[in-house]
Amino acid sequence: MKVELTAESVDKLMRAELSQQLKWALEDLANLDKGVTVNMYTYNDPEGDKVEILKDIEAFERIMSYWKVP
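Quick notes on the rules
Residues numbered from 1 in each chain as written. Predicted model: local features only at pLDDT ≥ 70, side-chain atom pairs only at ≥ 80, totals over all residues. Heavy atoms only, no water. Salt bridge = Lys/Arg side-chain N within 4 Å of Asp/Glu carboxyl O. Helix = DSSP H or I, 4+ residues; strand = E, 2+ residues; numbered from the N terminus. Buried < 20%, exposed > 50% of the residue type's maximum accessible area, 1.4 Å probe, protein only. Lys, Arg positive; Asp, Glu negative; His and termini not counted. Contact = heavy atoms within 4.5 Å. Expected span 1.5 Å × (residues − 1).

Below, the discussion takes up the pattern of salt bridges. Under the criterion given, the structure shown has six salt bridges. Between Lys50 and Asp33 there is a salt bridge; the shortest N-O distance is 2.8 Å. On the criterion of sequence distance, the pair formed by Lys50 in helix α2 (residues 46-66) and Asp33 in helix α1 (residues 7-33) is long-range, its members being 17 residues apart. Accessibility expressed as a relative area gives 24% for Lys50, which makes it partly exposed. By relative accessible area, which is 51% here, Asp33 ends up exposed. In this structure, Arg62 engages Glu58 in a salt bridge whose closest nitrogen and oxygen atoms are separated by 3.4 Å. Within this pair, Arg62 and its partner Glu58 are both found in helix α2, separated by four residues, close to a single helical turn.

Spelled out as structure tokens, the structure:
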């Protein structure tokens, strides 16, 4: 079975996925600020998690700013 996707479809899928990942990272960061431990990257180190989540947020935003269909 062969499935063909248009460039526009791939663009829409990628933007949706990146947006969802960014939303979740922002929610995790907000939870850490509220004192909720997410243990996403480290065990029992909320500040370490915060540093890594901020890196992810920056990466998602950068990718989204450059992403476009040729």
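From this point on, the discussion continues.
Before going further, it helps to spend a moment on the side chain of Asp28. The topology assignment puts Asp28 in helix α1. Although Asp28 is buried, it makes no salt bridge; Lys34 carries the closest opposite charge, 11 Å away. Discounting chain neighbours no more than four positions away, the residues touching Asp28 are Val38, Met40 and Ile53.

Bringing α2 into the picture now. In this model α2 runs 30 Å from its N-terminal to its C-terminal C-alpha over 21 residues, within 8% of the 30 Å that 1.5 Å per residue would give. Of the residues making up α2, those classed as buried are Gly48, Asp49, Ile53, Ile57 and Phe60. On its buried face, α2 is in contact with α1.

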